[in-house]
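Close look at the chain arrangement
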Amino acid sequence: MRPVIAILTDFGTRDPFVAIMKGVMRRLSPNADLIDVTHDIEAQNVRQAAFALLTSWRWFPSGTIFLCVVDPGVGSERRALVVSAGGCHFVAPDNGLLSWTLAESPPDGIISAENSAWYLENVSHTFHGRDVFAPLAAHLACGVGPGDLGPAISGIGQLPEPRLELQSEALHAEVVDIDRFGNLVSSVGDCRWREDGTLLLSPRFGSGAPVELQADNLRIGLGDSEITGLHKTYSDVAAGEILACVGSSGFLELGVNQGNAARELGIAVGDTVTVGWTCNNS
């Protein structure tokens, strides 16, 4: 199989930055299969990048190298990391970007990739994506072992987790992401439909035992709106109606059928989501 390098950045596509990184990797690893996760992370938004990685990495083949460059501290003393976890490698700055993913899939090894022999020559102070991170990913794709890139370390920088406070018959969460359709993705997950129509909530953030919920009994508060019940598809409600559903990544989402919930409700990332229910068991 060709080695896979999956690239996640906040560089956008207007400037040539992503293409330059790909050029470097093609030069160093001509057989690598380069896949774009996204380059539309908001500028310097490490939390958004962490969530995008958390919800995407498991869908890639074993051995994938994730090149994640959202790096407000470029040029500073922050470390360049190469982390092995879940059968994959992750190349990223040590700014917390990897912490949510590694909380779910504990690392097998963490390397501070400080052996500059694997960088490009004449490393710039402002484009480590090209000069440091892309070469590291390419060399991994060529079979270089992580241990050759620098010394092993025991920990990485951590991002605070999104709010998810689970109580006996309610929880307090937050909007953690807004997709391009304006759907409001909450920190409430992992949510899974069961065959009998109930919902199993196994918290991915915070702590707490799984809770079985009756979808019809849920009361979801967001801003000035309250939504009753949970739907399986957007088309369960009329066009223009607000609804709650479980998104493809297992997180509770609030949306408007054929509309933009973020714009219509005036909601932003970080706003509070409250969920009340009647418990069957826990």
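Here, the structure is the one placed above.
The structure presented is a predicted model; accordingly, all values stated were derived computationally and were not measured.

1. Some details on the environment of Ile 20
Locating Ile 20 in the fold gives a position in helix α1 (residues 17-28). Its relative accessible area of 33% is what places Ile 20 among the partly exposed residues. Taking the C-alpha atoms as reference points, Ile 20 and Leu 254, separated by 234 residues in sequence, lie 38 Å from one another. With residues near it in sequence (within four places) discarded, Ile 20 still touches Phe 127 and Arg 130.

2. Observations concerning the environment of Val 237
Here Val 237 lies in the loop between β14 (225-228) and β15 (242-246). Each C-alpha atom, one on Val 237 and one on Asn 257, is 6.9 Å from the other, the two residues being 20 residues apart in sequence. Dropping the residues within four chain positions of it, Val 237 is found in contact with His 231, Leu 243 and Asn 257.

3. As for the sheet that holds strand β4 (residues 80-85)
The strands making up a sheet associate through hydrogen bonds between their backbones, and the pairing can be parallel or antiparallel. Pairing is mixed across the open sheet formed by six strands, whose spatial order is β2-β1-β3-β5-β4-β6. Two strands in the sheet have a free side with no partner beyond their single neighbour: β2 (33-38) and β6 (109-112). Ignoring strand direction, the axes of neighbouring strands in this sheet form an average angle of 20°. Taken together, the five bridges between strand β1 (residues 4-9) and strand β3 (residues 65-69) define a ladder with parallel strand orientation. Residue pairing in the sheet places Thr 9 in a bridge with Val 69 of β3. Strands β1, β2 and β3 of the sheet are contacted by α1, whose axis makes an angle of about 160° with β1. Set on the sheet, helix α4 (residues 128-141) makes contact with β1, β3, β4 and β5 (88-93); between it and β3 the angle comes to about 175°.

4. Describing the pairing of β15
Counting buried positions along β15 gives four out of five residues, so the element sits mostly inside the fold. In this structure, β15 lies alongside strand β16 (residues 252-256), joined through five bridges in antiparallel fashion. The residue bridging Ile 242 from the neighbouring strand is Val 256, located in β16. Count of turn residues in the β15/β16 antiparallel hairpin: five residues, of which Gly 250 carries a positive phi of about 90°.

5. Observations regarding the nonpolar core
With 60 residues, the main nonpolar core has Leu 53, Phe 66, Phe 90, Leu 98, Val 188, Ile 220 and Val 275 as its most contacted residues. If near-sequence neighbours (up to four positions away) are discounted, Phe 66 is found in contact with Ala 6, Leu 53, Trp 57, Phe 60, Cys 88, His 89, Phe 90 and Val 91. Of all hydrophobic cores here, the second largest spans 30 residues; its members include Met 21, Leu 34, Ile 65 and Val 144.

6. Quick word on the packing of aromatic side chains
Going through the model one piece at a time under the given rule, you end up with nine aromatic pairs. Centroid distance Phe 11 to Phe 17: 5.9 Å. Interplanar angle 70°. Geometry classified as edge-to-face. Judged by relative accessible area, Phe 17 falls into the partly exposed class, the value being 32%. Taken together, the ring pairs connect Phe 51, Trp 100, Phe 205 and Phe 251 into an aromatic cluster. Across the ring face of Phe 181, the terminal group of Arg 180 is positioned such that the distance to the ring centre comes to 5.2 Å. Stacked on the ring of Trp 193, the Lys or Arg Lys 232 has its end atom at 5.0 Å from the ring centre.

7. Remarks on the pairing of β1
Side-chain direction in a regular strand flips from residue to residue, so the side chains alternate between the two faces of the sheet. Where burial is concerned, most of β1 is hidden: six out of the six residues are buried. Residues Val 4, Ala 6 and Leu 8 point to one face of β1 and Ile 5, Ile 7 and Thr 9 to the other, with burial holding for every one of them. Summarising the sheet, β1 and β2 pair through five bridges and their orientation is parallel. Looking across to β2, one finds that Val 4 is bridged to Asp 33. In terms of handedness, the path from β1 via α1 over to β2 forms a crossover that is right-handed.

Cut-offs and rules
Residues numbered from 1 in each chain as written. Predicted model: local features only at pLDDT ≥ 70, side-chain atom pairs only at ≥ 80, totals over all residues. Heavy atoms only, no water. Helix = DSSP H or I, 4+ residues; strand = E, 2+ residues; numbered from the N terminus. Buried < 20%, exposed > 50% of the residue type's maximum accessible area, 1.4 Å probe, protein only. Contact = heavy atoms within 4.5 Å. Pairing = 2+ DSSP bridges. Axes fitted to C-alpha atoms, helices over the stretch in contact; angles between N-to-C directions. Core = buried A, V, L, I, M, F, W, Y, C linked by side-chain atoms within 4.5 Å. Phe/Tyr/Trp six-rings, centres within 6.5 Å; stacked < 30°, edge-to-face > 60°. Lys NZ or Arg CZ within 6 Å of the ring centre and 35° of its normal. Right-handed = clockwise from strand over helix to strand, strands pointing away.

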